[in-house]
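# Structural overview for review
Here is how the chains run, residue by residue.
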Amino acid sequence: AVECSAQINFTNTDIMMVLDVTGSMGGTNPGDPAPRIDILKDTVREFHAQLEAASAAGSRVRYGFLPYS
């Protein structure tokens, strides 16, 4: 038997995202409902929402974005 738990705990965090915005991101992967770039946008929004919901009052999360093409 295994027991485990996890807790996200951060106060000041820097997050850097390198995002592919090349022309190939306009394509759609088999089985996906939308082009890659749309899924990337949704994923970044969801990631941000999850971190903001988990961050404690007074914590600071800074985001940086580096698009490459």
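Here the structure is shown first, and the text comes after it.
Structural notes, computed from the coordinates.

Thresholds applied
- Residues numbered from 1 in each chain as written.
- Predicted model: local features only at pLDDT ≥ 70, side-chain atom pairs only at ≥ 80, totals over all residues.
- Heavy atoms only, no water.
- Helix = DSSP H or I, 4+ residues; strand = E, 2+ residues; numbered from the N terminus.
- Rg over C-alpha atoms; globule rule 2.2 N^0.38 Å.
- Buried < 20%, exposed > 50% of the residue type's maximum accessible area, 1.4 Å probe, protein only.
- Pairing = 2+ DSSP bridges.
- Salt bridge = Lys/Arg side-chain N within 4 Å of Asp/Glu carboxyl O.
- Patch = residues over 30% accessible without salt bridge, like charges linked within 9 Å, V, L, I, M, F, W, Y side chains within 5 Å.
- Areas by Shrake-Rupley, 256 points an atom, 1.4 Å probe, with all protein chains shown as cover.
- Core = buried A, V, L, I, M, F, W, Y, C linked by side-chain atoms within 4.5 Å.

Below, the discussion takes up the overall build of the protein chain. Per the secondary structure count, the protein chain includes one helix and two strands. N-terminal to C-terminal, the α/β element order of the protein chain is β-α-β. Since a compact globule built from 69 residues should have a radius of gyration of about 11 Å, the 16 Å found for the protein chain marks it as more spread out than a globular shape. For the protein chain, the C-alpha atoms occupy an extent of roughly 40 × 35 × 15 Å along the three principal directions. Put simply, the protein chain has 69 residues, and 16% of those count as buried.

Mapped onto the elements, Gly 23 comes out in the loop between β1 (12–20) and α1 (36–54). Along the backbone, Gly 23 and Glu 46 are 23 residues apart, and their C-alpha atoms lie at a distance of 23 Å.

With that out of the way, let us pick up the pairing of strand β2 (residues 60–68). Two strands pair when backbone bridges link them, and β1 and β2 are joined in this way by nine bridges, in the parallel orientation. Residue Asn 12 lies in a different strand from β2, and its bridge partner there is Arg 60.

In this structure the tally under the stated criterion is two salt bridges. Where Asp 42 meets Arg 45, a salt bridge forms, and the shortest distance between an N and an O atom there is 3.3 Å. With Asp 42 and Arg 45 both in helix α1 and three residues apart, this pair spans about one turn of that helix. Judged by its relative accessible area of 53%, Arg 45 falls in the exposed class.

Moving on, we get to the environment of Ala 53. With respect to the helices and strands, the residue Ala 53 is situated in helix α1. When its relative accessible area of 67% is taken as the criterion, Ala 53 is described as exposed. Note: C-alpha distance between Ala 53 and Asp 38 (15 residues apart in sequence) is 23 Å.

On the surface, Met 16, Val 18, Leu 66 and Tyr 68 cluster together to form a nonpolar patch covering roughly 410 Å² of accessible area. Tracing the backbone through its elements, the reader meets Tyr 68 in strand β2. Judged by its relative accessible area of 41%, Tyr 68 is partly exposed.

Here we come to the nonpolar core. Soluble globular proteins tend to pack their nonpolar side chains together in the buried interior. Formed by Phe 10, Ile 15, Met 17, Leu 19, Val 44, Leu 51 and Val 61, the largest nonpolar core amounts to seven residues. Put simply, the parts of the chain that give this core at least two residues each are β1 and α1. Ranked by the residues each element gives to this core, the list is headed by β1, at three residues.

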